[in-house]
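Here are the chains, one letter per residue:
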Amino acid sequence: MKSRLMYRLTAVLSAALATLASAIAQPGLVSQRTVAPSVVHKEFTLPGPYTLDVLAVETDNPFITLESYKPDGLTKTTVQAAANDRPGHRVIGAVNADFFSFETGWPVGNQVVNGIVALGINSSRSHIAVDTRGKPHIERLAFQGTVRSSAGTSHAISRVNSTRAASTMAFYTSFRGTTTGTDGSGAECAIEFLDTPRACDTLRALVTALGPGNMTIPENGGILSAASGTPAAYLSGNLHVGDTIRLYLGFNHPLRSILQVLGGAGKFLSGGRNVTDSMAALEGITATFTDARHPRTFVGFNADTLIIYLCTVDGRQSSSIGMTFDEMASFMLSLGATDAFNFDGGGSTTMVVRGEITNSPSDPAGERSVANSLQVISNAPLGTLHFLDVSPGQTELFQGGTQQFSATGTDEYYNPIAIPGDAVWEADPAIGTISPSGLFTAAKTNDSGWVKLRWNTVVDSAWVV
């Protein structure tokens, strides 16, 4: 694992390495740019025609993590990215994730957000899970949970944040809302986590309150909600205020220490093999879906899981017709991926990079609101100015005309940073003059040259005709 110091010392070098790597062009690669150290945005145009966007993320950078994000109701991916973006926690990129219900606004599959289970249900579909080491997994996941009392007795937890069924026990976290919404039947118990929340690990929790129903959900914990009968009898007879109990909130798979989970539908690569046909049957997906060309959002990783690929392919447009599962598998293999699966696609397909949509959503109204997203996060500290970007990059003026130039700055981690007040605008004397605020006035002569903004050794320029 590389140290943070090493990444700070070599961050600028990564841009040069990315430029060098572009010389070894992949088929159909039309552009690529480094959007953060260890994160490269690539654009492809391939026969089909297919237009694709790819975020290639190196997972061994200690500043870069993947996060699952769930808003309150259906929300556009750009809005989700903006809501989760802040200094020291920058959203480098995001794609829409799971299928969802327009009626409820909830995703179809399971979801874990930073160790907290946002939705736990029975499912036969594939999900992506990311553990505390940053290692990704693609597995078919169905929720499984257990509560164990201080005396050692236990009871199954059937679901998280889904409506409590008869003769079962559910668990509610703050993703449900402010209260459980249950009636007065059964029994409920408020708990506070004593360990850092992680799915697929046994966690200690403190019992803080008991009640009959519709209890307020604490932020750092949740509510065990038991239906009438055996579940309510277990809760009332075995859990008491002040007890330390143990909770397991996980899945039907031997995963451990899981921080993020997002669902989709259809694993199509496993160990470098196209497994569309066998996995579709297990996940309840028909050939009508896998063999049709649609806009798609999909994600995968290479054999050592050191590179994760977030991908979109446009569809339902003359410039890009969308892909089948087999075509997605072939494309991912060309990138070097060995394992991959499908998120929700169609009109939901959206990729956001540094706050801007980079693909072409197929809905006539543009970007669609969705239930959740997979986001690439940079936790790098605020650095110093390393890059300037002058706008416009080129302009034509009549003699004596004016042009207001502007500029933005980024640090060595490619995060936005204020331009220092002692940055200086410059213009070739033969073409005109420029004010301290960037207002250029053309000379009364025909000529061409450069306008520049300079701060120490950091400089960017624009061409003026």
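Draft legend 1. Examining the overall build of the protein more closely. What the protein contains, in helices and strands, is six helices and 38 strands. For the protein, the C-alpha atoms occupy an extent of roughly 90 × 50 × 45 Å along the three principal directions. In the protein, which comprises 465 residues, the proportion classed as buried is 52%. Side chains of the protein carry 31 positive and 39 negative charges; the gap between the two charge centres is 6 Å.

Draft legend 2. Molecular detail of the pattern of salt bridges. Going through the model one piece at a time under the given rule, you end up with nine salt bridges. For Arg 198, the salt bridge is made with Asp 201, and the minimal N-O distance between the two is 2.7 Å. Relative accessible area serves as the criterion here: at 23%, Arg 198 is assigned to the partly exposed category. Here Glu 426 and Arg 454 are joined by a salt bridge, their closest N and O atoms 3.0 Å apart. Of this pair, Glu 426 sits in strand E34 (residues 424–427) while Arg 454 sits in strand E37 (residues 449–455), placing them 28 residues apart in sequence.

Draft legend 3. Up close: the confidence of the model for the protein. Overall, the predicted model of the protein reaches an average pLDDT of 94, with 95% of residues at or above 70. Throughout residues 1–24 the model reports pLDDT below 50, and contacts reaching past four residues in sequence, or to other chains, amount to 31 contacts.

Draft legend 4. Just the side chain of His 127, in detail. Along the polypeptide, His 127 turns up in strand E9 (residues 126–131). With relative accessibility at 0%, the residue His 127 sits in the buried group. Engagement of the side chain of His 127 in a polar contact is seen with the backbone oxygen of Arg 125, the distance being 2.9 Å. Discounting chain neighbours no more than four positions away, the residues touching His 127 are Gly 109, Asn 110, His 137, Ile 138, Glu 139, Leu 141, Val 261, Leu 262, Gly 263 and Phe 341.

Draft legend 5. Expanded view of helix H3 (residues 230–238). Every buried residue of H3 is listed here: Pro 231, Ala 232, Tyr 234 and Leu 235. One side of H3 holds all its buried residues, which, seen down the axis, span an arc of 160°. Turned more than 90 degrees from where H3 packs its buried face, Thr 230 and Ala 233 sit exposed. Taken together, the buried residues of H3 touch strand E11 (143–148), strand E12 (154–157), strand E14 (169–172), strand E15 (187–193), strand E16 (202–211) and strand E17 (221–226).

Draft legend 6. Representation of empty space enclosed by the protein in the model. The full count for this structure, using the stated rule, is three cavities of 30 Å³ or more. The space that makes up the largest cavity amounts to roughly 50 Å³. Lining the largest cavity, in full, are Gly 115, Ile 116, Val 117, Phe 171, Thr 173, Phe 193, Pro 197, Arg 198, Ala 199, Leu 203 and Leu 249. A breakdown of the residues in the lining of the largest cavity according to their chemical character gives eight nonpolar, two polar and one charged.

Draft legend 7. View of the nonpolar core. Ranked by internal contacts, the top residues of the largest apolar core, which has 33 residues, are Val 147, Ile 157, Phe 171, Ile 191 and Leu 224. Looking at which element gives the most residues to this core, the answer is strand E18 (residues 244–251), with five residues. With 24 residues, the next largest nonpolar core counts Val 57, Val 299, Phe 341 and Met 351 among its residues.

Draft legend 8. Local environment of the sheet that holds strand E36 (residues 439–442). Read from one edge to the other, the open sheet built from three strands follows the order E31-E36-E35, with strand pairing classed as antiparallel. This sheet does not close on itself; its edge strands, each paired only once, are strand E31 (402–404) and strand E35 (432–434). Between one strand and the next, the sheet's axes are offset by a mean angle of 15°, whatever the strand orientation. Relative to E36, E35 runs antiparallel, the two sharing three bridges. Note on E36: the bridge partner recorded for Gly 432 is Ala 442.

Draft legend 9. Inspection of the packing of aromatic side chains at higher detail. The tally for this structure, following the rule as stated, stands at 14 aromatic pairs. Relative to Phe 251, the ring of Phe 143 lies with its centre 6.5 Å away and its plane at 85°, an arrangement referred to as edge-to-face. In this pair, Phe 143 is assigned in strand E11 and Phe 251 in strand E18, connecting sequence segments 108 residues apart. In this structure, Phe 143 and Phe 251 share a single accessibility class: buried. Put simply, the rings of Phe 99, Phe 268, Phe 289, Phe 298 and Phe 325 touch in pairs and so form one group of aromatic residues.

Draft legend 10. Expanded view of unusual backbone geometry. Omega for the bond connecting Gly 48 with Pro 49 falls within 30 degrees of zero, at -5°, which places this linkage in the cis form. A positive phi is found at Ser 257, a non-glycine position, where the angle reads about 50°. Relative to the helices and strands, Ser 257 resides in the loop between E18 and strand E19 (258–263). Of the residues examined, Ser 257 reaches a relative accessible area of 18% and is grouped as buried. In this structure, Tyr 414 is a non-glycine residue whose phi angle is positive, near 70°. Within the secondary structure layout, Tyr 414 lies in the loop between strand E32 (406–411) and strand E33 (416–417). Judged by its relative accessible area of 14%, Tyr 414 falls in the buried class.

About the criteria used
- Residues numbered from 1 in each chain as written.
- Predicted model: local features only at pLDDT ≥ 70, side-chain atom pairs only at ≥ 80, totals over all residues.
- Heavy atoms only, no water.
- Helix = DSSP H or I, 4+ residues; strand = E, 2+ residues; numbered from the N terminus.
- Buried < 20%, exposed > 50% of the residue type's maximum accessible area, 1.4 Å probe, protein only.
- Lys, Arg positive; Asp, Glu negative; His and termini not counted.
- Charge placed at Lys NZ, Arg CZ, Asp CG, Glu CD.
- Salt bridge = Lys/Arg side-chain N within 4 Å of Asp/Glu carboxyl O.
- pLDDT = per-residue confidence, 0-100.
- Contact = heavy atoms within 4.5 Å.
- Polar contact = N/O pair within 3.5 Å; in protein donor to acceptor, adjacent residues only side chain to side chain.
- Arc of directions from axis to C-beta.
- 1 Å grid on protein atoms, 1.4 Å probe; cavity = no way out; pocket = protein on both sides within 12 Å on 5 of 7 lines; lining within 4 Å.
- Points joined across faces, edges and corners; volume = space filled by probe spheres on them.
- Nonpolar A, V, L, I, M, F, W, Y, C, P; charged D, E, K, R; others polar.
- Core = buried A, V, L, I, M, F, W, Y, C linked by side-chain atoms within 4.5 Å.
- Pairing = 2+ DSSP bridges.
- Axes fitted to C-alpha atoms, helices over the stretch in contact; angles between N-to-C directions.
- Phe/Tyr/Trp six-rings, centres within 6.5 Å; stacked < 30°, edge-to-face > 60°.

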